[in-house]
Amino acid sequence: MSYSQPQQITYTTGAITTTAAAVTLPIRGPKGKQGRLRDVIARCTTAHVLGSTPTELKIGLSGTLTAYGDFLPAAMAASTATTLTDLPGASVLGTTVIPADTVVLLTTVANATGSPAGVITYDVIIDWF
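Residues numbered from 1 in each chain as written. Predicted model: local features only at pLDDT ≥ 70, side-chain atom pairs only at ≥ 80, totals over all residues. Heavy atoms only, no water.

Undergrad: Before we move on, could you go through the side chain of D39 and cite the residues and values that matter?
TA: Residue position: D39 is located in strand β4 (residues 35-49). No salt bridge is formed by the buried D39, whose closest oppositely charged neighbour, R38, lies at an N-O distance of 7.8 Å. Ignoring any residue separated from it by four or fewer positions in sequence, one finds D39 in contact with D86, L87, L93, D123, V124 and I125. (Helix = DSSP H or I, 4+ residues; strand = E, 2+ residues; numbered from the N terminus. Buried < 20%, exposed > 50% of the residue type's maximum accessible area, 1.4 Å probe, protein only. Lys, Arg positive; Asp, Glu negative; His and termini not counted. Salt bridge = Lys/Arg side-chain N within 4 Å of Asp/Glu carboxyl O. Contact = heavy atoms within 4.5 Å.)

Structure representation (structure tokens):
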């Protein structure tokens with residue numbers, strides 16, 4: 001399969017409380033395929049209130065947690081429906097190719113200091129070629 005027609009996979013985390021200690025989730029692509037981070041989307045069902053140290057989702061590998069991307073969801077309200085945040089300004093999509101057969105780590109950073117709150121589910125979209 002060429003990069004012009006990649007196999008796109010969406011990895012969805014469970015609901016993560018943004019003020020909780022760091023969570024690391026390993027993912028892996030199809031055997032023998034390289035990848036590129038395409039997009040990250042945050043969905044909240046409980047209002048996401050930013051603290052002085054905002055929550056963050058790092059996409060990388062052991063030793064370089066932001067090798068492929070760094071996502072900082074914006075504040076979101078969830079009054080009647082799920083609210084989405086799709087790559088706010090401070091977030092960076094990785095431009096580095098994810099080597100074949102690499103374990104990719106999704107690592108959260110706790111929302112802290114001030115009055116932070118929230119529960120977020122992340123969709124991490126990777127194109128494998």
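Having put the structure on the table, let's press on.
Undergrad: Hey, could you go over the pairing of strand β9 (residues 103-109) for me, with residue numbers and the actual values?
TA: Most of β9 is tucked away, with 5 of its 7 residues classed as buried. Note that strand β3 (residues 24-28) and β9 share 5 bridges and pair antiparallel. Among the inter-strand pairings, P26 is bridged to a residue of β9, identified as L105. Two elements, strand β5 (residues 56-61) and β9, share 5 bridges in a ladder whose sense is antiparallel. Of the residues in β9, the one forming a bridge with I59 is L106. (Pairing = 2+ DSSP bridges.)

Undergrad: If you had to explain the sheet that holds strand β6 (residues 64-71) to someone new, which residues and values would you point to?
TA: Strand order in the open sheet formed by 5 strands is β3-β9-β5-β6-β8, and the pairing between neighbours is antiparallel. The sheet is open, and its two borders are formed by β3 and β8 (92-93), each paired with just one other strand. The pairing of β5 with β6 spans 4 bridges and is antiparallel. From the neighbouring strand, I59 faces β6, where its bridge partner is G69.

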